[in-house]
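# Structure at a glance
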Amino acid sequence: MNKRHVTTSLAALGALLLAGCSSGDDQSVAQDEQIQAVSTFSILSDIVAEIGADHVKVHNIVPVGNDPHEYSATPEDTKAMSNADAYFYNGLNLEGGENGWAARMVESVGLEEDRVFETTEGVKPMYLTEEESDQSINPHAFLDPNVGIIMAKNVAAGLIDVDPDHAEEYKQNLEDYVQELTEVDKRYQHEIGDLEEDRRVLVTSERAYQYMADSYNLLEGYIWAVDTDDIGTPDQMISAIDFVNEHEPKALFVESNVTPGPMETISEETGVEIYATIFSDELASKGEPGDTYLGFLEENLQEISEGLQQ
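## Section: the packing of helix α8 (residues 234–247) against helix α9 (residues 261–270)
It is the contact of α8 with α9, at a shortest axis distance of 10 Å, that shows an interaxial angle of 45°. As the angle between them shows, α8 and α9 are arranged oblique. Seen from above, α8 lies across α9 with right-handed handedness. From α8, M237, A240, I241, V244 and N245 reach across to α9, where they touch P262, T265, I266, E269 and T270. Per-class residue counts for the contact of α8 with α9 are 6 nonpolar, 3 polar and 1 charged.

Below, the structure written as structure tokens:
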């Protein structure tokens, strides 16, 4: 995918934040004056909305309940892309990489590359297999609030690039948002990272929590590494059962977007209970706990920390 390297460096942006910024006009902005932003999935769309506030109207492409790894664009998505002032995507192969659905959408509408922003730029990729290829990159970096901070900074830099007239407001919104994410990170460290070693074992259906586990020193267990049609195979199930029997986690967890059947079998075979359903690829439906990125992170923290401290 042709992408726009964010022209405002994160270091420069950080320096500007420290210098202090005006909070801007509290008046709502007329719709015809708003920047038209498009982003690929619910978590990222919420970040863009938080940083852009009244100056940005966000079109989210992949609805909650749909897989962001594979998606077929609607006519409404194509129209939004055609009119986009800024287009934000996750990267790290979440949208299928250079030949994926998101890249094809950019090409189909002829969107200029200086309007396209990869929000995980600067994130060190982690890999799902020993083969470190683009196809094996784990895209779920956003489960780590530290990565959320990087994404928010990239979003702010992109908005400033396309709408410099409102740069001060974007910087202030970013400063406030980063402060909230920093507090969430501190809670993750205290409530998960500081647990006794035998309680820091996280077992989920998919290996989505690799970045978060690395940041907070958790031992990962999972049934499958990548969502495919071949999930819960006999070999995968045996491997997961062996892991649970060896490491004796305090609880098991199942993601909101996967079938619980395989994890229910692991629970039956090992005697370890499924404690809760947690989030991985998407926000909750609007009006429910976890319907914002901050809420998503906080819901996961609460469920995981409580489950591991049983």
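## Some points on the pairing of strand β7 (residues 252–255)
In β7, alternate side chains face the same way, and those of L252 and V254 on one face and F253 and E255 on the other are all buried. Where β7 and strand β8 (residues 274–278) come together, 4 bridges link them in parallel fashion. Bridged to F253 within β8 is A276. Handedness of the β-α-β unit built from β7, α9 and β8 comes out right-handed.

## Thoughts on a negative patch on the surface
Among the surface-exposed residues, E50, D176, E180 and E298 lie close enough to one another that they form a single negatively charged patch. Residue position: E180 is located in helix α6 (residues 167–193).

## Observations concerning the packing of aromatic side chains
In this description, an aromatic ring pair is defined by two values, namely the gap between the centres and the angle between the planes. Counted by the stated rule, this structure contains 8 aromatic pairs. Considering the side-chain rings of Y87 and Y89, the 6.1 Å spacing of their centres and the 20° angle between planes classify their relative orientation as stacked. Residue classification places Y87 among the buried residues on the basis of a relative accessible area of 0%. Take Y89: its relative accessible area is 5%, and that puts it in the buried class. Ring geometry for F88 versus F117: centroids 5.4 Å apart, planes at 25°, classification stacked. On the criterion of sequence distance, the pair formed by F88 in strand β3 (residues 86–89) and F117 in strand β4 (residues 116–118) is long-range, its members being 29 residues apart. The same class applies to F88 and to F117, which are both buried. Through a chain of ring-to-ring contacts, three or more aromatic side chains come together here, namely F279, Y293 and F296.

## Observations concerning the nonpolar core
Counting residues in each nonpolar core, the largest one holds 74 residues, and the members touching the most others are I51, I61, Y87, F88, M212 and Y293. The biggest single contributor to this core is α6, with 9 residues. Setting aside its immediate chain neighbours within four residues, Y87 contacts V38, T40, I61, M81, A102, V106, L111, R115, V116 and F117.

## What to know about the confidence of the model for the protein
Residues at a pLDDT of 70 or more form 89% of the protein, whose mean pLDDT is 90. Residue range residues 2–9 is modelled with pLDDT below 50. Its contacts to residues more than four positions away, or to other chains, number 22 contacts. Note on residues 15–29: pLDDT is under 50 here. Beyond four places in sequence and across chains, it has 21 contacts.

## Here's the deal with the packing of helix α2 (residues 42–52) against α6
Between α2 and α6, whose axes approach to 7 Å, the crossing angle comes to 120°. Relative to α6, the element α2 lies oblique. Facing α2, whose interface residues are D46, I47, E50, I51 and G52, α6 presents Y170, N173, L174 and Y177. Each residue belonging to the contact of α2 with α6 can be placed in one class, and the counts come to 5 nonpolar, 2 polar and 2 charged.

About the thresholds
Residues numbered from 1 in each chain as written. Predicted model: local features only at pLDDT ≥ 70, side-chain atom pairs only at ≥ 80, totals over all residues. Heavy atoms only, no water. Axes fitted to C-alpha atoms, helices over the stretch in contact; angles between N-to-C directions. Helix = DSSP H or I, 4+ residues; strand = E, 2+ residues; numbered from the N terminus. Parallel < 35°, antiparallel > 145°, perpendicular 65-115°, else oblique. Left-handed = near helix turned anticlockwise from the far one by under 90°. Contact = heavy atoms within 4.5 Å. Nonpolar A, V, L, I, M, F, W, Y, C, P; charged D, E, K, R; others polar. Buried < 20%, exposed > 50% of the residue type's maximum accessible area, 1.4 Å probe, protein only. Pairing = 2+ DSSP bridges. Right-handed = clockwise from strand over helix to strand, strands pointing away. Patch = residues over 30% accessible without salt bridge, like charges linked within 9 Å, V, L, I, M, F, W, Y side chains within 5 Å. Areas by Shrake-Rupley, 256 points an atom, 1.4 Å probe, with all protein chains shown as cover. Salt bridge = Lys/Arg side-chain N within 4 Å of Asp/Glu carboxyl O. Lys, Arg positive; Asp, Glu negative; His and termini not counted. Charge placed at Lys NZ, Arg CZ, Asp CG, Glu CD. Phe/Tyr/Trp six-rings, centres within 6.5 Å; stacked < 30°, edge-to-face > 60°. Core = buried A, V, L, I, M, F, W, Y, C linked by side-chain atoms within 4.5 Å. pLDDT = per-residue confidence, 0-100.

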